[in-house]
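So the chains spell out like this:
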Amino acid sequence: MKIMPISMPKDIDKYFFNRIKDINMINTQLSTLKFDIPPQMLITGYRGVGKTFLLRKILKDQGNNILTVFLDISEIMGRQKGKLTEEKVLKALLNEINNAISQNQQSYKKWISKITSNIKKLELKNYDFSDNIDVLDIPLPVIKDNYDKLSKFVMELPQKIVDSSDEIDGFIIVIDEFQLLKNIEKPDAFFWLMRSYTQKQFNVGYIFTGSVSKTSDIINMINGQEGAFGGRLIQINIEPFTFDETKRYIDEKSNNLKFTDNGFKRFYACTRGIPLYINSLSSILPNNVVCDEDIIKQTLKLNIDQVAMMWIYIWGRLSQGEKDFIVYLLENDGANRETLEAQLDYSKSSISRFIDSLSNQGIIEFNRDKKFVLSDKMLQLWLKIKFETNGFYPL
Ligand SMILES: Nc1ncnc2c1ncn2[C@@H]1O[C@H](COP(=O)(O)OP(=O)(O)OP(=O)(O)O)[C@@H](O)[C@H]1O
Ligand SMILES: [Mg+2]
């Protein structure tokens, strides 16, 4: 039986579909690494459109001469107690760098001795090596309020690894869910720090990505005119599958799903070509009948929680004010700031906070009519169906 997964599968190639153009575009940028031109990118796109899957695939397919690191900030947030700090992010990065080099067992020993000698040349006087946590063979200093040295140590390491090995031409670091870096104390300063090191590292490429709206302030903070990278990050938006791509995808990867013409149109209208929704709706459609419009409508209505699963989780973590804000946009088909300030029972500063937080989570966006609107049609459908069925919106 064929499966269309709704979470990250281990065997990426078995489930991955197409994206040839995106892969070529990103790989073209990455190919400059070996010519000492470090590519820096920002990958955006709707929730569930496949940014993480795509980047995992791209990293996996790099040749042996390129080392790669995939750092997911949401994992660090999930693992830790208390506040997210710069140190925790840097330590996690260091850990991943070590994982990357340890995969190549043959060269590992050779690198490690060179790297270790390089590390020793760094001024690490303030580090206490006595009760060090060894990440395999790298003596990892205990960090004692010495953020400057820790950041220098970690941020310079990838380039040092490339420099210390003839077989390695470059290092690619993907930072997923980067918008969560907003939770550290001084996100601005952290982005500037990264920027300052990337300028001196000719064979290290950074790719930032996350579930964030294109019009959010975090994008400005990192890549706006006044932002740390000041527009130098090449911004690539990952689009949903087109109608035809969706059709081919279903033909190739689904468990023999069949549609009438109108049934498929409906299927596409509901999923909007977003793989997450294509996969979750496909997994509940009957595969022994030809699905028409009605079957799609009914299945979706009865199983909306399964298809919109991601939203149940996100909704649960929003504040009451953010929920009221979303419901207002839903019922009024979007609104501008003045209307929101006049109509919602919240202060101007609260409304600004909702706007920041919801755009940084990719839930709302600012459209061409200068209105805030909900970014995701499935969220809208979920709220509507819940309201119709229960008489009230999810709590
Ligand atoms: N090219 C693809 N081929 C097949 N399935 C895909 C593809 N891209 C994404 N998917 C499916 O959609 C799901 C969601 O993709 P992914 O997690 O990469 O989205 P995302 O854009 O990173 O979303 P978020 O913004 O929520 O992090 C994946 O688990 C995968 O099952
Ligand atoms: Mg993702």
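The structure this text deals with has already been given above.
The structure contained in this document is the topic of the report that follows. Along each chain, residues carry numbers from 1 onward, in the same order as the chain's sequence is written. In the order they appear in the text, chains get letters beginning with A and ligands get numbers beginning with 1. For a predicted model such as this one, the threshold for reporting local features is a pLDDT of at least 70, and the threshold for listing and counting side-chain atom pairs is 80 or more; totals across whole chains, interfaces and linings nevertheless cover every residue. Excluded from the side-chain calculation are hydrogens and water; included are all heavy atoms of the structure.

**Here we look at the pattern of salt bridges**
- Every case where a carboxyl oxygen of Asp or Glu lies within 4 Å of a side-chain nitrogen of Lys or Arg is listed as a salt bridge. Applying the stated criterion across every chain, the model contains 9 salt bridges.
- A salt bridge links Asp61 to Lys60, with the nearest nitrogen and oxygen atoms 2.8 Å apart.
- For each residue, the accessible area found with a 1.4 Å probe, counting protein chains only, is set against the maximum for its type, and the residue is called buried under 20%, exposed over 50%, and partly exposed in between. Since its relative accessible area comes to 40%, Lys60 is described here as partly exposed.
- Residue Glu388 pairs with Lys301 through a salt bridge whose shortest N-O separation is 4.0 Å. One end of the pair, Glu388, is in helix H19 (residues 377–390); the other, Lys301, is in helix H13 (residues 293–302), and 87 residues separate them in sequence.
- Where salt bridges share partners, they join Asp13, Lys57, Lys60 and Asp61 into one cluster. Elements are defined by DSSP. Helices are runs of H or I of four residues or more, strands are runs of E of two residues or more, and each kind is numbered from the N terminus.

**Topic: the site of ligand 1**
- Nearness is defined per residue: one heavy atom within 4 Å of the molecule or strand is enough. Around ligand 1 lies a shell of 23 residues, among which Pro5, Lys51, Thr52, Phe53 and Ser211 are the nearest.
- Whenever a nitrogen or oxygen atom comes within 3.5 Å of another N or O atom, the pair is scored as a polar contact, on the condition that within protein one atom can donate a hydrogen and the other can accept it, and that pairs from neighbouring residues in sequence are kept only if both atoms are in side chains. Contacts to ligand 1 include Val49, whose backbone N or O atom sits 3.3 Å from an oxygen atom.
- Gly50 is positioned such that a nitrogen or oxygen atom in its backbone is 2.9 Å from an oxygen atom of ligand 1.
- For ligand 1, the protein covers 93% of the area, taking 630 Å² as the surface of the free molecule.
- Contributing elements (two or more residues each) for the shell around ligand 1: helix H3 (51–60) and helix H12 (275–282).
- Basically, the charged four are Asp, Glu, Lys and Arg, the nonpolar ten are Ala, Val, Leu, Ile, Met, Phe, Trp, Tyr, Cys and Pro, and anything else, Gly included, counts as polar. Of the residues that constitute the shell around ligand 1, the class distribution is 13 nonpolar, 6 polar and 4 charged.
- Boundaries between domains were set according to an automatic or database domain assignment. Mapped onto the domain boundaries, the shell around ligand 1 takes at least three residues apiece from domain 1 (19–107 + 153–237) and domain 2 (243–307). Here the open area of atoms and residues is found with the Shrake-Rupley method and a 1.4 Å probe, where only the protein chains shown may cover a residue.

**Examining the sheet that holds strand S6 (residues 204–209)**
- Following DSSP output, two strands are said to pair if at least two bridges run between them. With parallel pairing, 5 strands are arranged side by side in an open sheet as S2-S5-S6-S1-S7. Looking at the sheet topology across the chains shown, the edges are occupied by strand S2 (66–72) and strand S7 (234–237). Going across the sheet, the axis of each strand differs from the next one's by a mean of 20 degrees, ignoring polarity.
- Running over the sheet, helix H5 (residues 86–102) touches S2 and strand S5 (170–176) and is turned about 145 degrees from S2. Orientation is described by axes fitted as lines to C-alpha atoms, over the contacting stretch for helices, and by angles from 0 to 180 degrees between their N-to-C directions. By the convention used here, residues are in contact when the closest approach between their heavy atoms is within 4.5 Å.

**Describing the environment of Val49**
- Of note, Val49 is situated in the loop between strand S1 (40–44) and H3.
- For the pair Val49 and Pro275, spaced 226 residues apart in sequence, the C-alpha to C-alpha distance is 5.7 Å.

**Some thoughts on the packing of aromatic side chains**
- For Phe, Tyr and Trp, where Trp contributes only its six-membered ring, two rings pair if their centres lie within 6.5 Å, and the inter-plane angle classes them as stacked under 30 degrees, edge-to-face over 60, or tilted in between. As enumerated under the stated definition, the model contains 18 aromatic pairs in all.
- Judged by centre distance (6.0 Å) and plane angle (70 degrees), the rings of Phe178 and Phe208 are edge-to-face. Within this pair, whereas Phe178 is found in the loop between S5 and helix H8 (187–198), its partner Phe208 is found in strand S6, the two being separated by 30 residues in sequence.
- Given a relative accessible area of 0%, Phe208 falls into the buried group.
- Through a chain of ring-to-ring contacts, the aromatic side chains of Phe178, Phe191, Tyr206, Phe208 and Phe229 assemble into a single cluster.
- By the criterion adopted, a ring carries a charge over it if an Arg CZ or a Lys NZ lies within 6 Å of its centre and within 35 degrees of its normal. Positioned above the aromatic ring of Phe70 is the side chain of Arg56, whose terminal nitrogen or guanidinium carbon lies 3.8 Å from the ring centre.

**Observations concerning the side chain of Thr44**
- Positionally, Thr44 belongs in strand S1.
- Given a relative accessible area of 1%, Thr44 falls into the buried group.
- Polar contacts involving the side chain of Thr44 include one to the side chain of Asn237, which spans 2.6 Å.
- Excluding its chain neighbours within four sequence positions, the residues that come into contact with Thr44 are Lys51, Lys214, Ile219, Gln235, Ile236, Asn237 and Ile238.

**Brief notes about the environment of Leu379**
- Looking at the element boundaries, Leu379 is found in helix H19.
- Judged by its relative accessible area of 1%, Leu379 is buried.
- Remark: the alpha-carbon pair of Leu379 and Ile363, spanning 16 residues in sequence, is separated by 8.7 Å.
- Once you skip the residues sitting within four places of it in the chain, Leu379 turns out to touch Trp311, Ile326 and Ile363.

**Digging into unusual backbone geometry**
- Of note in the backbone geometry, Arg19 takes a positive phi value of approximately 60 degrees without being a glycine.
- The topology assignment puts Arg19 in the loop between helix H1 (12–15) and helix H2 (20–30).
- One non-glycine residue, Arg272, lies in positive phi territory at about 55 degrees.
- Summarising the element assignment, Arg272 is placed in the loop between helix H11 (261–271) and H12.
- With a relative accessible area of 42%, Arg272 lands in the partly exposed category.

**Points about the packing of helix H10 (residues 243–253) against H12**
- One way to put it is that H10 packs onto H12 with a least axis distance of 12 Å and a crossing angle of 40 degrees. Considered as vectors, H10 and H12 are oriented oblique to each other. You can see that H10 and H12 cross each other, and the crossing is right-handed. Of H12, the residues touching H10 (which contributes Thr246, Tyr249 and Ile250) are Ile278, Asn279 and Ser282.
- Grouping the constituent residues of the contact of H10 with H12 by class yields 3 nonpolar, 3 polar and no charged. Roughly parallel covers angles under 35 degrees, roughly antiparallel covers those over 145, roughly perpendicular covers 65 to 115, and oblique covers all other angles. Left-handed is the label given to a crossing in which the near helix is rotated counterclockwise from the far helix by less than a right angle, and right-handed is the label when the rotation is clockwise.

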